[in-house]
Structures are given as C-alpha cells and as structure tokens.
Amino acid sequence: MIVLGIETSCDETGLALYDTAPLEAGRPAVLGMMGQALHSQIAMHRDYGGVVPELASRDHIRRILPLLELALKQAKLDLKSIDAVAYTQGPGLAGALLVGSAFGQSLAQALQKPALGIHHLEGHLLSPLLGAASDGVPNFPFVALLVSGGHTQLMLVKAVGQYELLGETLDDAVGEAFDKTATLLGLEYPGGAAVSKLATLGKAGRFNLPRPMLHSGDLDFSFSGLKTAVLNQIKQHSQFASANAGDNFRADLAYAFVEAAVTVLVSKTTKAMQLTNCRDLVLAGGVAANTQLRLALQSAAKNLQFNVFYPPLELCTDNGVMIAFAGALRLLSKVSSETQTERSGAFSVKPRWDLAPH
Ligand code: KG4
Ligand code: ZN
C-alpha cells in the first residue's frame, strides 16, 4: 500500500510517499520512505518576524502540485500507484490547512481512494516509530514529549490512536519561548536553533533565570515568564545587549535560557516516566532537534534506565513523511481517522483540535 502524506498546517509544504510493504513484512519501517518533497517558507516570513497566515496559504497553493510531482518522481511512482491520501487536518492555520485538505480530498476522490485527516501532533509523536539509524523503535505504551513552536505536551501513547494527555504548557510553547528569546537576542526568526548554538558559546552561572513550575507537583509547564525574565535581563544590561557588543552577554544569557528550559522539560519528563512506569520515551516536534535537550534527556535516561527515541533529525520539524506514516499506521492498525468516519463530502479543517481530552 502506498500512502501519500500532505503537510500544510503552518509554514512548510511537505509531500511524501510511504510504502507499507517493509513494515508489513516485519522489516524496519524506515525502509518504506519512498519520495519526499519539502518547501520551507521560513525565508518568506523572516522579514515579518513570524508566520503571516495569508502569505502561508498562498505559498502552499503555489507549491503543492510541483512538490507532489517531485515526490512521485523521486519514488519512481505515478498517481495511479497511490492507495490512500493522508493530510494534516489540524491543528494549525485555517487557510494553510484548507490547502492541504482541499488538495488531498480532491485527489483521493479523483483516484477513488480513501482520504484520512491526520492530527499534526500524531504525525510528530509517531515518527520515531520509523526508527532512526540503529536505535530501534519504541514499544507501546510509551511517553511522548512533544515540543514544537505551537505545543508543549507530555502524552501517554498506548497504541496508534490511543493517547492520554499527562501535562501541557499553560501559556507559551517552548519553541515559541525559544523563538521570542531569539528575537530578544537579535537572532533571526525562527531562532530556536540559533539560540541553541549561541548558548554553546556561553558560560554557566552568570544569570539565574527562573525554572517555571518546576515544583508544581503536576506535569504542566509555563514558559512565558522565562521569556520575560530574559527581557528583564536585557533591559537591565542594555549596554551589553547589542549584537555587536564584545561582551559575552548574549551567549551567557542564551546559555541560562536554554539551561532553565531544558531543566524543567527534563524534570517533568522524568517524573512522567516514573508515574507511568514506561520504559520508552519519544522526543518529537521541532525542539526535539535541540542538542542540549537531547543530551540532558540522554543522561536522565541513563540514570533512570529508560530509553529515548527521536525521529531522524530531518523529520523533527514539519514534513510530509510523518503524515504519510501516521496515515499508514492508522490504515494498518485499522484505526479510522475522523475524516474516514465522517465522509460528509465537504472538507473540514480543525485549526484547534486536541489530540487527547483534557
Ligand atoms: O514542529 P515544528 O517544525 O513546527 C511546529 O509545529 O511548531 O517546530 C518548530 C519550532 C520552532 O519554534 C523552532 O524555533 C524550534 O522548533 N526549533 C528548535 C530547534 N530547531 C527547531 N528549538 C530549539 N533548538 C533547536 N535546535
Ligand atoms: Zn509541527
């Protein structure tokens, strides 16, 4: 079975083809990745310091068909070989989601194949099941730490389609805090990776930033106060804060920010591992690419004897492969998606959509 995946929830247009044959034959899931085409709109939105929804939708429209052709060409397949179409139905920007949804459903109807509306976060949290390098894959049930520009959640994953929310951010997502901190430090949008890199040049101990909700006793997070603490430091030290200042101020502050964010993420995640008694942890979403977070979780895992799994690095941020793969897993495990069960003929998107009840 060949599944086409379409991701257009934010500022990446991703199309990919996934072949379920290796997985069905008990071979590594990663072997099913056939063709993938991705266009990031980051450069287009950079001048505005964030994603401009209308520009995003228009660019998805421009890119989606050429990217499908590219993915098919890479996979050496044609339209007729597609057996199902999986597209991101939500959450995300309404106009951007509509492009992928309209395109995916129309194509599925034309091909007389099923269309599946996939939850974007399900795509992220199942992607480590593809198996990166030689690390193997997590076993159900596992805990997933989902860290992206729009979400920060700890989720108990019992099976494909069975998710239990353990905790989440009460305000900003951690990726959002990274991006806002990047802007405060004079780095370009989206600056998560740049903050992380700058932090490697910084020294410990110069700033003591808060660790929000570290001792709250639950598995929830809060990151807006941390970003404000960065802003306050910049205001107090305005003589050092410019990008050209010879002082290591910005690097030391980036270090303190990353240290505070990672400390809270790791603390709550280890607590979730203990509470659920799970052996496997999945780290997913854009911030899963963060080196400091990976290292800290790795060392916590060693101490507490659990295993950490990541998606392949290039699949941490948004892409079509994870949507195709989530669609494939739903089809193989016979878990229907919302769209399959609705089948109203009209296409709907869900800009706000919880993967698990609160
Ligand atoms: O999952 P994603 O591509 O899009 C959303 O669904 O939000 O995540 C993007 C987020 C951005 O906030 C970006 O700054 C952050 O992931 N990010 C990073 C790193 N790479 C991407 N944050 C910290 N360190 C990184 N290396
Ligand atoms: Zn995402």
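Model, not experiment: these values are computed from the prediction.

**Here we look at the coordination of the zinc ion (ligand 2)**
In the first shell of the zinc ion (ligand 2), the protein supplies H120 (NE2), H124 (NE2) and D318 (OD), at 2.1 Å from the metal. Linear spacing of the donor residues for the zinc ion (ligand 2) on their chain is H-x3-H-x193-D. You can see H120 and its partner H124 sitting in helix α5 (residues 120-126), 4 residues apart, about one turn around the helix. Both residues of the pair, H120 and H124, count as buried.

**Details of the pattern of salt bridges**
All chains considered together, the criterion is met by 12 salt bridges. Close ionic contact of R46 with E188 constitutes a salt bridge, the shortest N to O distance being 3.3 Å. On the criterion of sequence distance, the pair formed by R46 in helix α2 (residues 42-46) and E188 in the loop between α6 (174-184) and α7 (192-199) is long-range, its members being 142 residues apart. With relative accessibility at 31%, the residue R46 sits in the partly exposed group. Where salt bridges share partners, they join D172, E176, K180 and K227 into one cluster.

**Looking at the sheet that holds strand β6 (residues 142-147)**
Strand order in the open sheet formed by 5 strands is β8-β7-β6-β9-β10, and the pairing between neighbours is mixed. The strands lining the two open edges of the sheet, one partner per strand, are β8 (162-168) and β10 (307-309). Between one strand axis and the next, the sheet turns through 25° on average, direction left out of account. When β6 meets strand β7 (residues 152-159), the two strands line up antiparallel, connected through 6 bridges. Its bridge partner lying in β7, V147 is registered against T152. Contacting β6, β9 (280-284) and β10, helix α10 (residues 291-304) runs over the sheet at an angle of about 175° to β9.

Reading guide: rules and limits
- Residue indices follow the written sequence of each chain, beginning from 1 at its first position.
- Just so you know, chain letters begin at A and ligand numbers begin at 1, following the order they were written in.
- Restriction of local features to residues with pLDDT of at least 70 applies here, the model being predicted, together with a cutoff of 80 or more for giving and counting side-chain atom pairs; totals for whole chains, interfaces and linings are based on all residues.
- As a rule here, side-chain values come from all non-hydrogen atoms in the structure, and water together with hydrogens is ignored.
- For Na, K and Ca the donor cut-off is 3.2 Å, and for all other metals it is 2.8 Å, counting N, O and S atoms only; because water is absent from this set, sites may look incomplete.
- What counts as a helix is a DSSP run of H or I of at least four residues, what counts as a strand is a run of E of at least two, and both are numbered from the N terminus.
- Burial status follows relative accessibility: with a 1.4 Å probe on protein chains alone, a residue under 20% of its type maximum counts as buried, one over 50% as exposed, and anything between as partly exposed.
- Put simply, a salt bridge is a Lys or Arg side-chain nitrogen that is within 4 Å of an Asp or Glu carboxyl oxygen.
- DSSP calls a pair of strands paired once it identifies at least 2 bridges connecting them.
- Geometry is summarised by axes, namely lines fitted to C-alpha atoms with helices restricted to the contacting stretch, and by angles between N-to-C directions that run from 0 to 180 degrees.
- For this analysis, residues touch if any pair of their heavy atoms sits within 4.5 Å.

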